[in-house]
Amino acid sequence: MNRAHTNKWRGLRGVALLLAGLASGAAHADWYNNGKVLLTGGVFTVDGAGGGGAVPWATISGYETRDGINASAGFTYVNVPALQDSVFGVNIGFYDRLELSYASHKLSLNLSNLDTVALLLNTLGIGGGTDPWNSTLQMDVFGAKLRLFGDAVYTSDSWIPQVSIGGLYKKNHSEALVHTLGADKTKDWEAYIAATKIFFPISTLVNVAARYTAANEIGLTGFGSCDSRLLTQGDCDSKKEVRWEVSIAHLVAKNTAIGAEWQQHGNNLDGKSVKVAGLDLTSITDILGSIGLGGLSNTLQQKKEGDWYDIFMAYAPNKNISFVVAYLMLGNISVSQDNNGFYFSTHLTF
Amino acid sequence: MKVSKAKLAIAAGTALMIASLQPAFAAEQKTKPILGIPSSAVASFGGEYGVHNWVESLFYYIMLDNRINYIFKEFGNVERQIALNTQLEQMVLGAKVEYQGASMSAAHADLGITMTQFNAVVEAAYNACERNQIPYYSCNHLIAALAPFTRVIVTK
Ligand code: HEM
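All of these numbers come straight from a predicted model, not from anything done at the bench. (Residues numbered from 1 in each chain as written. Chains lettered and ligands numbered in written order. Predicted model: local features only at pLDDT ≥ 70, side-chain atom pairs only at ≥ 80, totals over all residues. Heavy atoms only, no water.)

A.B. asks: Tell me about the site of the ligand, residues and numbers included.
C.D. replies: Residue and element names in this part refer to chain B. Close contacts around the ligand come from 25 residues, with Arg 80, Gln 81, Asn 85, Ala 102 and His 108 the closest. A distance of 2.8 Å is found between a nitrogen atom of the ligand and a side-chain nitrogen or oxygen belonging to His 108. Among the elements that make up the shell around the ligand, the one with the highest residue count is helix α5 (residues 78–92) (five residues). When its residues are assigned to classes, the shell around the ligand shows 18 nonpolar, six polar and one charged. (Near = heavy atom within 4 Å. Polar contact = N/O pair within 3.5 Å; in protein donor to acceptor, adjacent residues only side chain to side chain. Helix = DSSP H or I, 4+ residues; strand = E, 2+ residues; numbered from the N terminus. Nonpolar A, V, L, I, M, F, W, Y, C, P; charged D, E, K, R; others polar.)

Structural data, given as structure tokens:
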């Protein structure tokens, strides 16, 4: 026990030393570069990839140009009625060509209807995939992005944008809760193609992305869906589809941007009932009815997942740090409606 | 390092020679940004005088930046460059001014300029705009008008 503890500390110290080494060696190392113009590398998305808040951009994260490598770390906090999410991540940009990223989500789900049922079922001694008042989810996201062609910044005499493709592998660790919410898979990959261009005459960056995915709420509530009968094989489906995403950022000063985003979401869980212990609620309606809670089964029907919208302000006082505050309009999340709330993010660039 | 600098000096010298052989007009063309440049662009810089002041500020910031100032000290001629840039910037912003210097490719092709160095000049350009009280949006018109030169200026 003691030994494991010291080992863990050693590991941490190793990481700290490595980071310190990176930071101090940075100024002299040949491969190190931070030559991009302010804000042109984008900020930190909830997927870990460089881009806006939710939408990946074709830009490669970090301040490196084609002459070197740059690393960054990001932290994001999201607070809407149905969930509070903390995201921590890192990404590295290589020669303005390749980006590798990792992000870790820690999310608490606040579905009060679900809590009521969980409480009830706990009382009745039926195990569910959710504990009352404590529905936490964890998800890891690994990503890679490759710039194919184009220059988002300087080709002002052509309509050709910068275009990149990316892949994300998402691993949700909260299997029971994901299945309670009617999703099929807890792990899945996504692919996207993004096109970005800055239009200097109107001081505006436009990014359009198409994502091939089966995610529910970017994977936080799993991928695909299962029929609202018993969770047997065959009635589950996690086919991917193409969904669109747009970011528009208007630069009001060289270090400040305001803008908006739209991210299309699917409707895998539309009309699906929350499932408890592998059963949808119709099976326990009797129990609920017998104790006078029949109306609950209605409120446990999930709504069509809302597209995500946000308006944001990004501020980069220098090349080492940027801040983003945003107002989110995430619509329906599972059984909860009108999820409007706040978003704060900071991106540290080394 | 020494060798490559010597090579660069020869190269830059050659570039200058080629430049001086070219006819004074038509050495560099006006760029064509896709969304155009408003006709008020030069005026928003404060006319010819304002553009000249901006170029002076630009070189002031360039010479403060250790990432690039040595290149200008070694291969540049700041006075000549200020005069020529004043012409060039007015031309790309739409004024009827004749640019009498070398083409951007002839002037820079052999300097081995990197994207990082180019961006450093762009940062100096924004600093110069701020210092000269030129609105950010007007500054971006100039960036839009000069950006296409990246292709021939950045050779590394
Ligand atoms: C859009 C950006 C740029 C513009 C509009 C520009 C413009 C000019 C002009 C008008 C000249 C004078 C040409 C002549 O003497 O006939 C020149 C020369 C020069 N430029 Fe640039 N330049 C740019 C970027 C750069 C960058 C990024 C560097 C280096 C970091 C650089 C370094 C030089 C040097 C060293 C010379 C002198 C070359 C010589 O006299 O042989 N320029 N530039």
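A.B. asks: Pulling in residues and values, what's your account of the nonpolar core?
C.D. replies: Formed by 99 residues in total, the largest nonpolar core has its most connected members in A:Leu109, A:Tyr154, B:Phe45, B:Trp54 and B:Leu58. If one sorts the elements of this core by residue count, helix α7 (residues 115–131) of chain B sits on top with nine residues. The residues touching B:Trp54, leaving out its near neighbours within four places in the chain, are B:Phe45, B:Glu89, B:Ala125, B:Ala128, B:Cys129, B:Asn132, B:Ile134 and B:Leu142. (Core = buried A, V, L, I, M, F, W, Y, C linked by side-chain atoms within 4.5 Å. Buried < 20%, exposed > 50% of the residue type's maximum accessible area, 1.4 Å probe, protein only. Contact = heavy atoms within 4.5 Å.)

A.B. asks: With reference to specific residues and values, describe the state of the cysteines.
C.D. replies: Residue and element names in this part refer to chain B. Applying the stated criterion across every chain yields a total of two disulfides over all chains. Cys 129 shares a disulfide with Cys 139; S-S distance 2.1 Å. On the sign convention where negative means left-handed, the S-S torsion of about 90° between Cys 129 and Cys 139 marks this disulfide as right-handed. Placement of the pair is Cys 129 in helix α7 and Cys 139 in helix α8 (residues 136–146), with a sequence separation of ten residues. Just as Cys 129 is buried, Cys 139 falls in that class too. (Disulfide = S-S within 2.5 Å.)

A.B. asks: Go over the pattern of salt bridges, please, and point to the residues and values.
C.D. replies: Residues and elements named next belong to chain A. Here the structure, examined in full by the defined rule, presents 17 salt bridges over all chains. A salt bridge links Glu 64 to Lys 36; the nearest nitrogen and oxygen atoms lie 3.6 Å apart. Of the two residues, Glu 64 is situated in the loop between β2 (50–51) and β3 (69–80) and Lys 36 in the loop between α1 (2–26) and β1 (43–44); the sequence distance between them amounts to 28 residues. For the pair formed by Glu 64 and Lys 36, the shared burial category is buried. (Salt bridge = Lys/Arg side-chain N within 4 Å of Asp/Glu carboxyl O.)

A.B. asks: So, the coordination of the iron atom of the ligand: which residues are in play, and what are the values?
C.D. replies: No other protein atom reaches the iron atom of the ligand as a donor apart from B:His108 (NE2), found 2.0 Å away. With respect to the secondary-structure elements, B:His108 resides in helix α6 (residues 104–108). (Donors = N, O, S within 2.8 Å, 3.2 Å for Na, K, Ca; no water.)

A.B. asks: Please set out the interface of chain A and chain B residue by residue, giving values where relevant.
C.D. replies: Of the residues lining the interface, 26 residues belong to chain A; the matching set on chain B comes to 28 residues. Counting each side, the surface lost to burial between chain A and chain B is near 2,400 Å², with a carbon and sulfur contribution of 58%. At the boundary of chain A and chain B, one finds three salt bridges. Across the pair B:Glu130 and A:Lys254 runs a salt bridge whose closest N-O atoms are separated by 3.3 Å. Taken together, chain A and chain B are joined by 15 residue pairs in polar contact (both at pLDDT 80 or more). Taken together, the elements giving at least two residues each to the side of chain A that touches chain B come down to β8 (187–199) and β12 (241–253) of chain A. Top element by residues in the side of chain A that touches chain B is β12(A). It accounts for four residues. In the side of chain A that touches chain B, the residues fall into ten nonpolar, eight polar and eight charged. (Buried area = accessible area lost by both parts, 1.4 Å probe.)

A.B. asks: Hey, could you go over the packing of helix α3 (residues 47–64) of chain B against α7(B) for me, with residue numbers and the actual values?
C.D. replies: Residue and element names in this part refer to chain B. Two numbers describe how α3 lies on α7: the axes approach to 8 Å, and their chain directions differ by 130°. The orientation of α3 with respect to α7, classified from their angle, is oblique. Remark: the crossing between α3 and α7 carries right-handed chirality. Packed against α3, whose contacting residues are Trp 54, Ser 57, Leu 58, Tyr 61 and Ile 62, the element α7 presents Val 121, Ala 124, Ala 125, Asn 127, Ala 128, Cys 129 and Arg 131 at the interface. Here the residues of the contact of α3 with α7 sort into nine nonpolar, two polar and one charged. (Axes fitted to C-alpha atoms, helices over the stretch in contact; angles between N-to-C directions. Parallel < 35°, antiparallel > 145°, perpendicular 65-115°, else oblique. Left-handed = near helix turned anticlockwise from the far one by under 90°.)

A.B. asks: Give me the lowdown on a nonpolar patch on the surface, citing residues and values where you can.
C.D. replies: On the surface, a nonpolar cluster with roughly 980 Å² of combined accessible area is contributed by A:Phe75, A:Tyr77, A:Phe88, A:Val90, A:Val252, A:Ile258, A:Met313, A:Tyr315, A:Phe323, A:Val325, A:Phe344 and B:Tyr137. Listing elements by their share of the nonpolar patch, those giving two or more residues are β3, β4 (83–94), β16 (308–318) and β17 (321–329) of chain A. Examined against the element boundaries, A:Val325 turns out to sit in strand β17. With relative accessibility at 42%, the residue A:Val325 sits in the partly exposed group. (Patch = residues over 30% accessible without salt bridge, like charges linked within 9 Å, V, L, I, M, F, W, Y side chains within 5 Å. Areas by Shrake-Rupley, 256 points an atom, 1.4 Å probe, with all protein chains shown as cover.)

A.B. asks: Describe unusual backbone geometry, and please don't skip the residues or the numbers.
C.D. replies: Residue and element names in this part refer to chain A. A positive phi is found at Asp 96, a non-glycine position, where the angle reads about 55°. The residue Asp 96 is located in the loop between β4 and β5 (98–109) in this model. Backbone geometry at Ser 203 places phi at a positive 50°, although glycine is not the residue there. Structurally, Ser 203 can be placed in the loop between β8 and β9 (204–213). Classification of Ser 203 by relative accessible area gives buried; the value is 1%.

Worth remembering: the numbers are spatial, not functional.
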